[in-house]
Amino acid sequence: MIGKVESYDAKKGYGFIRGDDGKKYFVPYVNVKTASGSLIAGYTVDFNTGDGNKAMNVRLL
């Protein structure tokens, strides 16, 4: 799925992505697959969905 990062707090280790389906997904730092291991609001990302509203395997586009 494609989405945009709404918010991400590197100190707290989590954030939220708005998917192209309009739903909001929780993303913990362990599921961020970027070189820096972090995200910035506004980034476009590709991700899989997990249990409930969890984003997994989050990668930058």
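Look up a bit, the structure's there.
Residues numbered from 1 in each chain as written. Predicted model: local features only at pLDDT ≥ 70, side-chain atom pairs only at ≥ 80, totals over all residues. Heavy atoms only, no water.

**A look at the overall build of the protein**
No. 1: Each helix and strand in the protein was counted, giving zero helices and five strands.
No. 2: Taken over the C-alpha trace, the protein has a radius of gyration of 10 Å; the compact-globule value for 61 residues is 10 Å, and the two agree within 12%.
No. 3: Buried positions account for 33% of the 61 residues belonging to the protein.
No. 4: Put simply, 44% of the contacts in the protein that link residues at least 6 apart link residues at least 24 apart.
No. 5: About 3,700 Å² of surface is accessible on the protein, with carbon and sulfur atoms providing 52% of the total.
No. 6: In the protein, 9 positive and 6 negative side-chain charges are present, and the distance between their average locations comes to 5 Å. (Helix = DSSP H or I, 4+ residues; strand = E, 2+ residues; numbered from the N terminus. Rg over C-alpha atoms; globule rule 2.2 N^0.38 Å. Buried < 20%, exposed > 50% of the residue type's maximum accessible area, 1.4 Å probe, protein only. Contact = heavy atoms within 4.5 Å. Areas by Shrake-Rupley, 256 points an atom, 1.4 Å probe, with all protein chains shown as cover. Lys, Arg positive; Asp, Glu negative; His and termini not counted. Charge placed at Lys NZ, Arg CZ, Asp CG, Glu CD.)

**Concerning a nonpolar patch on the surface**
No. 1: A cluster of nonpolar side chains, namely Ile 40, Tyr 43 and Leu 60, defines an oily patch on the protein surface of about 270 Å² accessible area.
No. 2: Tracing the backbone shows Leu 60 in strand β5 (residues 55-60). (Patch = residues over 30% accessible without salt bridge, like charges linked within 9 Å, V, L, I, M, F, W, Y side chains within 5 Å. Salt bridge = Lys/Arg side-chain N within 4 Å of Asp/Glu carboxyl O.)

**Section: the pairing of β5**
No. 1: As defined by bridge partners, strand β4 (residues 44-49) adjoins β5 across four bridges and the pair is classed as antiparallel. Paired with Asp 46 across the strands is Arg 59, a residue of β5.
No. 2: Where β4 folds back onto β5 in an antiparallel hairpin, the turn is made up of five residues, including Gly 52, whose phi is positive at roughly 65°. (Pairing = 2+ DSSP bridges.)

**As for the nonpolar core**
No. 1: The biggest cluster of nonpolar side chains holds 11 residues, and these are Val 5, Tyr 8, Ile 17, Tyr 25, Val 27, Val 32, Leu 39, Val 45, Phe 47, Ala 55 and Val 58.
No. 2: Among the secondary structure elements, those contributing two or more residues to this core are β1 (2-9), β3 (24-28), β4 and β5. (Core = buried A, V, L, I, M, F, W, Y, C linked by side-chain atoms within 4.5 Å.)

**As for the pattern of salt bridges**
No. 1: Scanning the entire structure with this criterion turns up three salt bridges.
No. 2: The shortest N-O distance in the salt bridge between Arg 59 and Asp 46 comes to 2.6 Å. Within this pair, whereas Arg 59 is found in strand β5, its partner Asp 46 is found in strand β4, the two being separated by 13 residues in sequence.
No. 3: Residue classification places Arg 59 among the partly exposed positions, given a relative accessible area of 33%.
No. 4: One network of salt bridges, in which partners are shared, links Glu 6, Arg 18 and Lys 24.

Keep in mind that these numbers describe shape and distance, not what the molecule does.
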